[in-house]
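Inside the fold
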Amino acid sequence: MAAQETRVVTKFLRERTDDSWTFDAARTHNKAYSALEKAMGMEPAALIDEVTKSGLRGRGGAGFGTGQKWSFLPKDVFPRYLAVNADEGEPATFKDHMLIEKDPHQIVEGSIITSYAIQAHHAFIYLRGEFALGADRLQAAVDDAYANGFLGKNILGSGYDLDLIVHRGAGCYIAGDETGLLSSLEGERAMPRIKPPFPAVQGLYAAPTIVNNVETMSTVPHIVREGGEWYAGMGVNKSTGTRIFSVSGNVERPGNYEIELGVTFRELIDDLAGGVSGGKKLGFFIPGGASSPWLRAEHLDEPLDMDRAAELGTMLGSGAIMVFDETIDPVLVAWRIAKFFAHESCGKCTPCREGSGWLEKVLYRMANGLGRPDDLDLLMGFGNTISPGVTWPPGMTTICQLGPSTMSPTLSLNKYWGEEIRARLAKDADRRTTLQVASA
Amino acid sequence: MTFTDTERRRAEELVARYPHSKSALLPLLHMAQDRDGYVTTDAMEDIADLLGLTPALVLGTCSFYTMFKREPIGKLVVSVCTNVSCLVNGGPALVEALRTKYADDHDVHVEEVECIAACDQAPVMQVNYEFHGPVTSESATDLIEQYKSGALKARTISGSPT
């Protein structure tokens, strides 16, 4: 039987396409804020326990246990803050974009519950600047929540106060890194900060801060309503529940698919996304955003399980699956990803700032038939300075993950096409000589 | 151009939303860009004054973010994605076609951008941060012309509603 979606966080927005983002529709037809009503009758610690029990792991990229993250807050240190990461920027990820535009009340409700659980009185949703419609809808949702007593002073008569601010970014990938986000929210360049101290101990304005992704926040109301055990009953191994995967590239039906973890890549790509477009064969695919090392046809029957992905030398990251057909040159894709990282490197750490630019230059000449015989070895060599060992999980010489991520495409080229590329580079060298002779 | 009294009140409201005033810097820069069409030196000095920062610090933050323009770029920002999913679906040809078409049009600023999180619509573009995709160079030109004529209502070049 063909694989099916298991819709939890996307159920309502798929069913009600005309007005799912409005307060009336969400409240009347999707029980919006009923989980908040339940949560306000619970102790904060009980909420943290429930989320821990669910096994929910952050949906932004790192996959860290959400309840566990909340429990890292130092006792009795206040104020505390919640910063919701809505700065979706990992190439080929477009799930949060959908959740923000189509179901902002779910995000707002999850953010209020989370703030109450961690006893924060100020929460921020850091929204990607380019999401203009998303900003309108999220702000409208926040305004409606205030008008209906779900935000502000004495929420639902509980004595608990919370202010929630929608904060628009202004175009910057690294603001999606949790410490980069905090720098940006403080009015600085979005440069990541060294950890420790982790944000849970010293985050926004040096106060304890929890940074959670939009999809994570959207899941929280369901866990509160149905219970942690119910959520943990879905999924596979330590990857519980459902996840939204953004599938794009050379596929027949690109889009967001919410599935129970444990479904295979083949089921997701073939059954749900309609397979490689134009009836072509699969060349390779990237399983977790541009930062993740690549996989090929021999991995299609592997399950979407975060820990299994790690065993395969990659990650499910942000849940973005890019599919490339057999005609696509992997070196071209590697160059384009290198160009992205070179553009987005914040410049704080030398290996990343300088290395990402050199990667881009060398991959550009390789992709355009003017490579030098030892170019792949050259990349692997200076790649060692950016990410020692050029392996996965990556070694780091930089403050944040952007540095080592720049090496994922090169690592993949070397692993799967090493011999082929070296042969191609030898031919490029002949061509270079011919060109030089001709121009002499 | 410096802040009028009304603008200064709006700016102060923005500042009051945050526990620390400096957090209002990005919102204030958006506000200034909405008003002037780009972030002027005067506006940065005004913002610095309001937040108790040096103008250099304001410039430091402003220049870090791609959405802030520090010179006039016209009325429409056309952002075309060429990142991987758009790369294999015609993004690079689209940006070249639009660049050529609008090379001499001072109202239209065509720029190549990184992934804008709409890969199911590849190749995708934004006009003043409104999404359109998938588009061809013809349908994209048609949309841009509609924004130019006012048949489609454009947001500000910072993406705010008008």
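It should be emphasised that the depicted structure is a prediction, and the values quoted were computed from it without experimental measurement.

Definitions and cut-offs
Residues numbered from 1 in each chain as written. Chains lettered and ligands numbered in written order. Predicted model: local features only at pLDDT ≥ 70, side-chain atom pairs only at ≥ 80, totals over all residues. Heavy atoms only, no water. Helix = DSSP H or I, 4+ residues; strand = E, 2+ residues; numbered from the N terminus. Buried < 20%, exposed > 50% of the residue type's maximum accessible area, 1.4 Å probe, protein only. Areas by Shrake-Rupley, 256 points an atom, 1.4 Å probe, with all protein chains shown as cover. Lys, Arg positive; Asp, Glu negative; His and termini not counted. Charge placed at Lys NZ, Arg CZ, Asp CG, Glu CD. Contact = heavy atoms within 4.5 Å. Buried area = accessible area lost by both parts, 1.4 Å probe. Salt bridge = Lys/Arg side-chain N within 4 Å of Asp/Glu carboxyl O. Phe/Tyr/Trp six-rings, centres within 6.5 Å; stacked < 30°, edge-to-face > 60°. Pairing = 2+ DSSP bridges. Axes fitted to C-alpha atoms, helices over the stretch in contact; angles between N-to-C directions. Domains from an automatic or database assignment. Polar contact = N/O pair within 3.5 Å; in protein donor to acceptor, adjacent residues only side chain to side chain. Nonpolar A, V, L, I, M, F, W, Y, C, P; charged D, E, K, R; others polar. 1 Å grid on protein atoms, 1.4 Å probe; cavity = no way out; pocket = protein on both sides within 12 Å on 5 of 7 lines; lining within 4 Å. Points joined across faces, edges and corners; volume = space filled by probe spheres on them. Left-handed = near helix turned anticlockwise from the far one by under 90°.

So, about the overall build of chain A. When helices and strands are counted, chain A shows 18 helices and ten strands. Seen along its three principal axes, the alpha-carbon backbone of chain A occupies a region of about 85 × 50 × 35 Å. In chain A, which comprises 440 residues, the proportion classed as buried is 61%. Counting only carbon and sulfur atoms, one obtains 51% of the accessible surface of chain A, whose full area is about 16100 Å². When the 44 basic and 55 acidic side-chain charges of chain A are each reduced to a single mean position, those positions are 4 Å apart.

So, on to the interface of chain B and chain A. Residue-level contacts link 42 residues of chain B with 54 residues of chain A. In total, about 3800 Å² of surface goes out of reach between chain B and chain A, with carbon and sulfur atoms giving 58% of it. The largest share of the area that chain B buries against chain A comes from F64, V84 and E114 of chain B, three residues that together contribute 16% of it. Between chain B and chain A we count four salt bridges in total. In this structure, E114 of chain B engages R336 of chain A in a salt bridge whose closest nitrogen and oxygen atoms are separated by 3.1 Å.

All names here are of chain A. Scanning the model with the defined rule gives 22 aromatic pairs over all chains in all. Taking 6.4 Å as the distance between ring centres and 40° as the angle between the ring planes, the aromatic pair formed by F23 and F150 counts as tilted. In this pair, F23 is assigned in helix α2 (residues 23-30) and F150 in the loop between α8 (132-147) and β3 (163-168), connecting sequence segments 127 residues apart. Summarising the burial analysis for this pair, F23 and F150 share the class buried.

Here we come to the sheet that holds strand β2 (residues 108-113) of chain B. All names here are of chain B. One open sheet accounts for four strands, arranged β2-β1-β3-β4; its pairing is mixed. Of all the strands in the sheet, just β2 and β4 (130-132) have a single pairing partner and so form its edges. Taking the axes of each pair of neighbouring strands and ignoring which way they run, one obtains an average angle of 25° across the sheet. Sheet topology note: the strand β3 (residues 125-127)/β4 ladder contains three bridges and is antiparallel. Of the residues in β4, the one forming a bridge with Q126 is F131.

This part covers the domain arrangement of chain B. Structurally, chain B comprises domain 1 (5-64) and domain 2 (76-149). Centre-to-centre, using C-alpha coordinates, domain 1 of chain B lies 29 Å away from domain 2 of chain B.

Residue and element names in this part refer to chain A. Ordered by their spatial adjacency, four strands build an open sheet running β8-β7-β10-β9, and the pairing between neighbours is mixed. Two strands in the sheet have a free side with no partner beyond their single neighbour: β8 (255-260) and β9 (282-286). Going from strand to strand, the sheet's axes swing by 30° on average, the running direction of each strand aside.

For the rest of this paragraph, the subject is the domain arrangement of chain A. All names here are of chain A. Here chain A is partitioned into domain 1 (11-232), domain 2 (237-325) and domain 3 (330-439). The centre of domain 2, based on its C-alpha atoms, is set 24 Å off from the matching centre of domain 3. In this complex, domain 2 contributes 16 residues to the contact, which on the side of domain 3 involves 15 residues. The largest contributions to the domain 2 side of the interface with domain 3 come from S291, W294 and R296, which together make up 47% of the buried area. Seen at the junction of domain 2 and domain 3, the total is zero salt bridges. In this structure, the connection of domain 2 to domain 3 is made through five residue pairs in polar contact (both at pLDDT 80 or more). Tallied by class, residues from the side of domain 2 that touches domain 3 come to nine nonpolar, five polar and two charged.

Next up on the list: the pairing of strand β4 (residues 209-213) of chain A. With respect to burial, β4 of chain A is a largely interior element, five of its five residues being buried. Burial of the side chains of β4 of chain A extends over both faces: T209, V211 and N213 of chain A are buried on one face and I210 and N212 of chain A on the other.

Relative to the helices and strands, S184 of chain A resides in helix α9 (residues 178-185). On the basis of relative accessible area, S184 of chain A is assigned to the buried category, the value being 0%. Among the polar contacts listed, one links the side chain of S184 of chain A to the side chain of Y65 of chain B, at a separation of 2.9 Å. With sequence-adjacent residues up to four places away left out, S184 of chain A is seen in contact with Y126, H167, A175, R189 and A190 of chain A together with L26 and Y65 of chain B.

In this model, the second largest pocket occupies a volume close to 550 Å³. What lines the second largest pocket is a set of 18 residues, among which Q139 and R168 of chain A together with L14, R17 and S160 of chain B lie closest to the centre. Taken together, the residues of the lining of the second largest pocket sort by class into seven nonpolar, five polar and six charged.

In this section: the packing of helix α2 (residues 25-36) of chain B against helix α3 (residues 41-51) of chain B. Residues and elements named next belong to chain B. Put simply, α2 and α3 touch, their axes get as near as 10 Å, and they point 145° apart. Considering only the axes of α2 and α3, their crossing is right-handed. Mapping the contact onto sequence places L25, L28, L29, A32, R35 and D36 in α2 and A43, M44, I47, L50 and L51 in α3. Considering only residue class, the contact of α2 with α3 consists of nine nonpolar, no polar and two charged.

Moving on, we come to empty space enclosed by the protein. Residues and elements named next belong to chain A. Applying the stated criterion across every chain yields a total of three cavities of 30 Å³ or more. For the lining of the largest cavity, the class distribution of residues is eight nonpolar, four polar and one charged. Of all elements in the fold, only α7 (104-118) and α10 (214-226) reach the threshold of two or more residues within the lining of the second largest cavity. Among the residues forming the lining of the second largest cavity, the class breakdown is two nonpolar, four polar and three charged.

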